Amino acid sequence: MPPGRLGRMNYFKDAGHLFRFAALFVIAFLVFWAIRGYVVPRTFGQYGHYRAAAITEIAARSVQFAGHEACEVCHSDIAGAKSAGKHAHVNCEACHGPQTQHAADPTITPVKLDTTILCVRCHAASAARPKSFPQVNADEHANGVPCDTCHQPHSPAMDGSAAAAGDAK
Amino acid sequence: MNGVEGFMYPNEISLHWSVLIVLYPFITGLVAGAFILASLERVFRVEAVKPTYRLALLTALSFLLVAPLPLQLHLGHPERSPEMYFTPHSTSAMAMFGYVYLWYLMAVLVFEIWLDYRRDIVLLSQTSRGLLRVVYKVMTLGSNNISARSLRIDERVGWIVTLVGIPSAFMLHG
Amino acid sequence: MNINRRQILVLLPAAAVAWKSVLAGTPESAPNYQMSEHWWGMLIDIPKCIGCGNCVRACQVENQVPDGYFRTWVERYHVTDANMTNPEVISPDGGKEGFPAASEDAGKYFFVPKMCNHCADSPCTQVCPVGATFVSPDGVVLVDPKYCLGCAYCVQACPYGCRYIHPQKKIVDKCTLCYHRITKGLTTACAENCPTGARQLVDLKNPRDPIHAFLKTHSVQVLKPQMATGAKVYYNNLDGSVR
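Here is what the cut-offs are and how they apply
- Residues numbered from 1 in each chain as written.
- Chains lettered and ligands numbered in written order.
- Predicted model: local features only at pLDDT ≥ 70, side-chain atom pairs only at ≥ 80, totals over all residues.
- Buried ≥ 20, exposed ≤ 12 C-beta atoms within 10 Å, placed from the backbone.
- Helix = DSSP H or I, 4+ residues; strand = E, 2+ residues; numbered from the N terminus.
- Pairing = 2+ DSSP bridges.
- Contact = placed C-beta atoms within 7 Å.
- Core = buried A, V, L, I, M, F, W, Y, C linked by C-beta atoms within 7 Å.
- Domains from an automatic or database assignment.
- pLDDT = per-residue confidence, 0-100.
- Bend = angle between axes of the 7 residues up to and from the residue.
- Nonpolar A, V, L, I, M, F, W, Y, C, P; charged D, E, K, R; others polar.

Chemist: Could you clarify how one ought to interpret the pairing of strand S4 (residues 108–115) of chain C in this entry?
Modeler: A regular strand places its side chains so that they alternate between the two faces of the sheet. All names here are of chain C. In terms of burial, S4 is a largely internal element, seven of the eight residues being buried. Across eight bridges, strand S2 (residues 72–79) lies against S4 in antiparallel orientation. Pairing of Glu75 across the sheet is with Val112, part of S4.

Below is the structure:
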C-alpha cells in the first residue's frame, strides 16, 4: 500500500461510496426540511404543540341554544312569573328546546310542547330520585290528562299563585 | 374484590385498538428476529447460519416495508400520517416510534443490505441492459469501486452497523 | 324593531360585541374575551342530579353528537348492603332518555353525570402523536378536526372514557366544554338545560364566580384522583364507589 499522501488519497477513493451514501442522507434531510417548511401550518406552535388557529375555528361554531337571558329580553313577563315559582331555576330551553332560530327570527314559532311526555322526564316517580324531589306516578296522578290542564308550567305549584300571576298558557 | 362489574363507559363499548394495531408488533417481531439471526453471522461469527445471512436481511426488509400497512388501514385519515414526521409530539410514544422505524429502515437495514450487495450491484450495473441497467446504476450511487480494499472497508462498516442494529432491533420491537 | 336590531338584542348585551369578533373569526381578540383571563372547569352537584337526561339530549343537539356516542352521559349507581363492594351501575343509552323507574327501595341510589374532565395534566394530550389534541390557554381540552389522524391513541389513553371516534368524520370527538358558547359569555349546553342546577360552569380564575365560592366552601372531589390527571370537573358529594 503506497504510504503518505498517496495512501490517504487511495483511502478516500476506496471509501468514496460511503461518502456518497452519507450525502444521500443529507440531501434527503434537506428535502424533508424544505417540505416540512411548506406543509406545517403557519399557526402551529404559537401557544403550544398544536395549530393555534384551531381554537378560533372551534370557537366560531354555531350556537343552538340561545340561553335564558336571550329569552328574557322579550318574554320578561313569563320570566317574572317563573322566578316567583318552583321552576325559577329551570331555564326556558330546558323544556322548550333550542331556540336560537326563534330568537334570531321571532316569526319562526317554537313547537308546541306536549306536557304528557315532557313533564314525566323529571317528575316520574322513581326510588332513585331524592325523596324531597316532587315526583308522581303519572298514570295514578293524572290518568292520561295532560299536566298543563291543572299545572301552569311556568309556575307549577298548585296553591293559587299561578292563577294570581294570570299569565297566559 | 371491590369494583363495579359488568359496566363499561358508553364510549368504550366500541373497541378501537384491536387486531390491526396488534399486527404491527407481530411484524416488527419478525423483523427484529430475522435481523438478530443475520447478526449472529456478522457479529458473533456463527458459521452455521452463514447461508441464511442474505435471506434473513431481505426478510427483515420486506416485512419492515409492509409493517406500517395495517396501521395505515386503521387510521381515520391515513393521508395525514406524514404529520407524525413533520410535527412529532415528543411526549407521544407513537410519534417517537415513527422515528425509530425510520432509523431502523434507513440507517440499519437499507444501509447494511446495500453494503453487502454492493459488489453484485456494481457488476450487474455493468452487465445488464435497458431499464434494469439504469436501476442498478442508480443503486451504485455512481461509485464503481469494488477493489479488495473497498470491500474490506464495507465489511468493517457493516460490522459496526450490525452492532448498532442489535439494540436498535430491541428498540423497534422490544 | 327590525331584524338586525333584534339579532343584536338576542344575545347577551356583553356578548353582542364579542359576537362580532367571533363572526370575524377572532374570538380571542373579542374585547371581552381574553383566553389568559379564564381557567375553565365544571361543578357537578351529585345530590341535585335527578337523572332526567336533559343534559345528554341538549349536548347532542348543540354539538351534533352522533347516535351511540356520548360527549356526556349519566350513570346511575345502586349500592345496597348485599352489593356494597360491587355496586350496580347502569347507563341506558348514556341516560339520554332518562332511566327506567327504580322500584327497589333498599340501598342508596345516585346519578353521576360524566363528561370530559378537561384535565390540566391530561394523559390524552400527552399521547397524541401530532399535537391534534391540546389544552387551550384557558384550560379547555380541544381536538383540532383538521389535524387529527384518527389513530385513537387518545381514546385509549383517556382514563374516563370520554372520547370516541366520530363515525363519519373519522376523527376523535369529545366534549369541548361548549367552547363556542363559553367564549361568547354563554354557559355550556348541559348546564343551561339542567333543570336542577346540578351542572354548573366555573371559571377558576375569576374570584367573583359564584361557583368558585362554592368550591371553596364545600368538599369536592374529582374522578380517579389516583391518576393525577389534574381533572377540573369537581363533584360535590361524590361517593367512594364511583369508578
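Chemist: Where do I start with the environment of B:Ser128 in this structure?
Modeler: Residues and elements named next belong to chain B. Structurally, Ser128 can be placed in the loop between helix H5 (93–127) and helix H6 (131–139). For Ser128, a count of 14 C-beta atoms within 10 Å corresponds to the partly exposed category. Sequence-wise, Ser128 and Ser14 are 114 residues apart; in three dimensions their C-alpha atoms are separated by 55 Å. In contact with Ser128, not counting residues within four places along its chain, are Arg133 and Tyr136.

Chemist: Would you mind showing me how to read the nonpolar core here?
Modeler: Nonpolar side chains tend toward joint burial in soluble globular proteins. Within the largest apolar cluster, 88 residues are counted, with the highest numbers of intra-cluster contacts made by C:Leu142, C:Cys154 and C:Val172. With five residues, S4(C) is the single largest residue contributor to this core. Formed jointly, this core draws a minimum of three residues from each of two domains, domain 1 (4–59) and domain 2 (68–165) of chain A. Counting 17 residues, the second largest nonpolar core, distinct from the first, contains B:Ala32, B:Ala56, B:Ala60 and B:Leu64.

Chemist: Explain the sheet that holds strand S11 (residues 233–236) of chain C here, please?
Modeler: Adjacent strands of a sheet form backbone hydrogen bonds with each other and so pair up, either parallel or antiparallel. Residues and elements named next belong to chain C. The strand order S9-S1-S11-S10 describes an open sheet built from four strands, whose pairing is mixed. Two strands lie at the open edges of the sheet, namely strand S9 (199–203) and strand S10 (220–221), each paired on one side alone. The sheet contact formed by S10 and S11 spans two bridges and is antiparallel. Paired with Val220 across the bridge in S11 is Asn236.

Chemist: Mind showing me how you'd approach the confidence of the model for chain C here?
Modeler: Do not read the predicted coordinates in detail wherever pLDDT is low. Residues and elements named next belong to chain C. Mean pLDDT over chain C works out to 89, with 87% of the residues at or above the 70 mark. Summarising per-element confidence for chain C, the mean pLDDT is lowest in helix H1 (residues 3–10) (47) and highest in strand S6 (residues 141–143) (98). Scored below 50 in pLDDT, residues 1–6 shows three contacts in the model against residues more than four places distant or in partner chains. Across the whole predicted complex the pTM is 0.88, and at the interface the ipTM reaches 0.88.

Chemist: What's the story with H5(B) in this structure? I'm lost.
Modeler: Working note: α-helix, 3.6 residues per turn, so residues spaced by three or four point in the same direction. The largest bend in H5(B) comes to about 60°, at B:Tyr117. Taken together, the buried positions of H5(B) are occupied by B:Ala95, B:Gly98, B:Tyr104, B:Val108, B:Leu109, B:Glu112, B:Leu115 and B:Arg118. Elements in contact with the buried residues of H5(B): helix H2 (16–39) of chain A together with helix H2 (53–66), helix H4 (83–86) and helix H7 (148–173) of chain B.

Chemist: Looking at this model, I keep getting lost on the interface of chain B and chain A. Mind explaining?
Modeler: Interfaces are often described in size by the accessible area the parts lose on coming together. Each partner contributes residues to the interface: chain B has 13 residues there, and chain A has 14 residues. Broken down by element, the residue count for the side of chain B that touches chain A peaks at four residues, all from H7(B). Classifying every residue of the side of chain B that touches chain A by side-chain character gives four nonpolar, seven polar and two charged.

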